[in-house]
Amino acid sequence: MDNGESSYRRFRIDGDEQGLVEIIKEYKDGLIFYLNSFVGNLSVAEELCEDTFVLIGTKKPKDKGKGSFKTWLYTIGRNIAVDYLRKQKRKNETPIETVFGLSDDEQAFEDEFIKEERNKTLYSAMKKLKAEYRQVLWLIYFENFSNKEVSAVMKKSVHAVETLAYRARIALKNELEKEGFNYEEL
């Protein structure tokens, strides 16, 4: 699959349902985790991810080809999340904070346990950051987006994304140091 574009084209133009299934399988998990970094609630993130795929499955919007398919898909997801947060703000409801879902399975090896603890600390520290900081760090480091792709998703200039990423890294470093971890070890 060439970044989802051909699968979506098959679905949108030819009506091949398998194309949509391929897209969902390929991007569902990453999109859920990205949306979770945005809204701070895993259950809501799953619903927003579902809404994103329902939108592209029913309305079949056209990808304008300005970036990669993944960037386009994440932008749609972000817009849906922004709408959700806007509606929640109007209702004066705040989403219930959910612990970032990590596996509770006991680790057989000490290295896995240490890695798991580091991940928990990292996710915990990220949850304490401003939403924009979480979002930019997630896209750059977990989704491997370029600054240009991040700027398209977040609707900011590349320079603004670079500045935001720099400030986010400093904020994350400070949070990790409060937890007693050396930032460079992660």
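Just so you know, these numbers come straight off a predicted model, no measurement behind them.

Quick notes on the nonpolar core
Then comes step 1: One finds Ile56 and Val136 to be the most contacted residues of the largest nonpolar core, which totals 48 residues.
Then comes step 2: Sorting the residues of this core by element identifies α1 (5-14), α2 (17-39), α3 (42-58), α4 (69-90), α5 (110-127), α6 (131-142), α7 (147-154) and α8 (158-178) as the ones contributing at least two each.
Then comes step 3: Looking at this core, the element that brings in the most residues is α2, giving 9 residues.

Focus on unusual backbone geometry
Then comes step 1: The phi dihedral of lysine 60 is positive, around 50 degrees, even though this residue is not glycine.
Then comes step 2: By the element assignment, lysine 60 lies in the loop between α3 and α4.
Then comes step 3: Positive phi outside glycine occurs at asparagine 144, with the angle close to 55 degrees.
Then comes step 4: With respect to the element layout, asparagine 144 can be found in the loop between α6 and α7.

Some thoughts on the packing of aromatic side chains
Then comes step 1: Going through the model one piece at a time under the given rule, you end up with 9 aromatic pairs.
Then comes step 2: With a centroid separation of 6.1 Å and an interplanar angle of 40 degrees, the aromatic rings of phenylalanine 33 and tryptophan 138 are classed as tilted. Highlighted residues: phenylalanine 33 in helix α2 and tryptophan 138 in helix α6, separated in sequence by 105 residues.
Then comes step 3: For tryptophan 138, a relative accessible area of 4% puts it in the buried group.
Then comes step 4: Of note, lysine 60 hangs over the ring of phenylalanine 11, and the distance from its end group to the ring centre comes to 4.8 Å.

Looking at the confidence of the model for the chain
Then comes step 1: Across the chain, the average pLDDT comes to 80, with 79% of residues at or above 70.
Then comes step 2: When mean pLDDT is compared element by element in the chain, α3 scores highest at 92, while α5 scores lowest at 69.

Brief notes about the environment of serine 37
Then comes step 1: Inspection of the secondary structure assignment puts serine 37 in helix α2.
Then comes step 2: For the pair formed by serine 37 and tryptophan 138, sequence separation is 101 residues and the distance between their alpha carbons is 7.1 Å.
Then comes step 3: When near neighbours in sequence (up to four residues on either side) are disregarded, serine 37 contacts Arg134, Gln135 and Trp138.
Then comes step 4: From its side chain, serine 37 meets the backbone oxygen of tyrosine 34 in a polar contact 2.6 Å long.

Topic: α1
Then comes step 1: Among the residues of α1, Ser7, Tyr8 and Phe11 are the ones counted as buried. Buried residues of α1, viewed axially, fall in a sector of 95 degrees; they line one side. Within α1, the exposed residues directed more than 90 degrees away from the buried face are Ile13 and Asp14.
Then comes step 2: Packed against the buried residues of α1 are α2, α3 and α4.
Then comes step 3: One or two steps after α1, the chain reaches glycine 15, where phi turns positive at roughly 75 degrees.

About the criteria used
Residues numbered from 1 in each chain as written. Predicted model: local features only at pLDDT ≥ 70, side-chain atom pairs only at ≥ 80, totals over all residues. Heavy atoms only, no water. Core = buried A, V, L, I, M, F, W, Y, C linked by side-chain atoms within 4.5 Å. Buried < 20%, exposed > 50% of the residue type's maximum accessible area, 1.4 Å probe, protein only. Helix = DSSP H or I, 4+ residues; strand = E, 2+ residues; numbered from the N terminus. Phe/Tyr/Trp six-rings, centres within 6.5 Å; stacked < 30°, edge-to-face > 60°. Lys NZ or Arg CZ within 6 Å of the ring centre and 35° of its normal. pLDDT = per-residue confidence, 0-100. Contact = heavy atoms within 4.5 Å. Polar contact = N/O pair within 3.5 Å; in protein donor to acceptor, adjacent residues only side chain to side chain. Arc of directions from axis to C-beta.

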